[in-house]
Amino acid sequence: MADHGVPVVRWADTPEGPVLALLDQTRLPAEETELICEDAQALVAAIRALSVRGAPLLGVAGGYGVALGAVRGHDVADVADRLASARPTAVNLAAGVRRVEGAHRAALDDGAGAEQAAAAALAEARALHEEDAEASERMAQLGHELLGDLVRRTPMRLLTHCNTGMLVSGGRGTAFAVVSQVHAAGELQKLWVDETRPLLQGARLTAYEATREGMPFSVLADGAAGSLFSAGEVDAVLIGADRIAADGSVANKVGSYPLSVLARHHGVPFVVVAPVTTVDLATKRGADIVVEQRPSEEVTHVSSPYAPYHPEARGERGGGIPVAPMGADAYNPAFDVTPPELVTAIVTERGVISPVTSETVAGLCSPSRTTTSRWGNGMMKA
Ligand SMILES: CSC[C@H]1O[C@H](OP(=O)(O)O)[C@H](O)[C@@H]1O
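In this text the structure is predicted, and so the values were computed from the model without any measurement.

Q: Please clarify how the UniProt feature "site: Transition state stabilizer" (unreviewed entry) in the protein should be interpreted in this entry.
A: Summarizing the sequence annotation, UniProt attributes the feature "site: Transition state stabilizer" (unreviewed entry) to C162 in the numbering used throughout. Following the sequence through the fold, C162 ends up in the loop between β4 (156-160) and α6 (175-184). When its relative accessible area of 7% is taken as the criterion, C162 is described as buried. Sequence-distant contacts of C162, that is, excluding residues within four places in its chain, are made with R53, D194, T196, Q201, G202, T206 and K253.

So, in structure tokens, the structure goes:
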């Protein structure tokens, strides 16, 4: 349950059958409204429109979507295939979908009837939701401890990109959960919030979450980050991830890679915070990560949840007010890939790794891994 009053995602049993209720993130911060999904088709549309978004939450929502199909007696394999392919980059989506599909299949293989198998799918989706919430708490703690070692001053000034709070998770989020922990400890001087063009997850969603938590923050144009580094105003960068390849390459919201170059040039720690469900050992290198290309209208038009959509400008997301000449083409990758050598550390619920190498990444996923040591298997770089 998010602290918004309106849950980020919730399963609801209604007289007409079960539905998945989503806090519609395209309407934030103007209004907290629920989007009701009665089937996989509606959920796929919500995922593609980013009404529900953020890698860990996509896994949770995708899992519930499979359970929804099962309870409503739909073709579960077809539902799973459509949900898993709704967005290509965040590995959590397909992983969550396939996990719940697998629970459903296993129940049937064990002789369960359709109703029992559907119940097994829902139970697995709920377990996934709870595990993600627990992972958030652990990452918040480990990330806070890590910053205590990496950042030589408090209160500290942190920069974040896109949105990684409770709007991307079954719990408190990923990178923003660490910021929240730092703030709760009285150690946050300033949170620099990249607006994160073109969909403005930072200016809309991170600013919304930071406001609710009473954080000292400022929103900035993405292009202004360099001047903050140059002025010595950033003590650490914290970002989330959508997919971490076996070599430690990190796919995250477009604009993350330039921040890693700035951070390296200025000797600032660049920290990725993501649950282990974001690690994809089947993707060997960063170059193998499929980066979602989105509609030109998201770049050539501007829209706001506070303003009505421009009637004649209708893009996939409902368009907006044109700022480029009508019909102008745009390059709009939703993510970019940061090489492991530019990542100071990766914080997961199973421990922190640094340096980031194929060996330390594999160690995160090892069944025998424990988090008894403070930083897991990796030693912190200076
Ligand atoms: C830690 S998951 C949040 C992750 O998801 C965002 O992408 P999108 O808003 O397109 O779902 C962004 O990459 C964040 O880092």
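Q: Just checking my understanding: could you explain the pattern of salt bridges for this structure?
A: In this structure the tally under the stated criterion is 18 salt bridges. In this structure, R243 engages D280 in a salt bridge whose closest nitrogen and oxygen atoms are separated by 2.7 Å. One end of the pair, R243, is in strand β8 (residues 243-245); the other, D280, is in strand β11 (residues 279-280), and 37 residues separate them in sequence. The same class applies to R243 and to D280, which are both buried. It is possible to trace a salt-bridge network through shared partners that takes in R87, E292, R294 and E298.

Q: Sorry if this is basic, but what is going on with the packing of aromatic side chains here?
A: The description of an aromatic ring pair rests on the distance of the ring centres and on the angle between the ring planes. Summed over all chains, the structure comprises one aromatic pair. With a centroid separation of 6.3 Å and an interplanar angle of 35 degrees, the aromatic rings of W11 and Y64 are classed as tilted. Linking W11 in strand β1 (residues 9-14) with Y64 in helix α2 (residues 55-71), this pair joins segments that are 53 residues apart in sequence. The pair W11 / Y64 is uniform in exposure class, with both members buried. Above the plane of the ring of W192 lies K190, whose end atom (NZ or CZ) is 5.1 Å from the centre. K253 extends its terminal NZ or CZ atom over the ring of F335, reaching a point 4.2 Å from the ring centre.

Cut-offs applied
Residues numbered from 1 in each chain as written. Predicted model: local features only at pLDDT ≥ 70, side-chain atom pairs only at ≥ 80, totals over all residues. Heavy atoms only, no water. UniProt positions renumbered as here; feature names shortened; annotations may be inferred. Helix = DSSP H or I, 4+ residues; strand = E, 2+ residues; numbered from the N terminus. Buried < 20%, exposed > 50% of the residue type's maximum accessible area, 1.4 Å probe, protein only. Contact = heavy atoms within 4.5 Å. Salt bridge = Lys/Arg side-chain N within 4 Å of Asp/Glu carboxyl O. Phe/Tyr/Trp six-rings, centres within 6.5 Å; stacked < 30°, edge-to-face > 60°. Lys NZ or Arg CZ within 6 Å of the ring centre and 35° of its normal.

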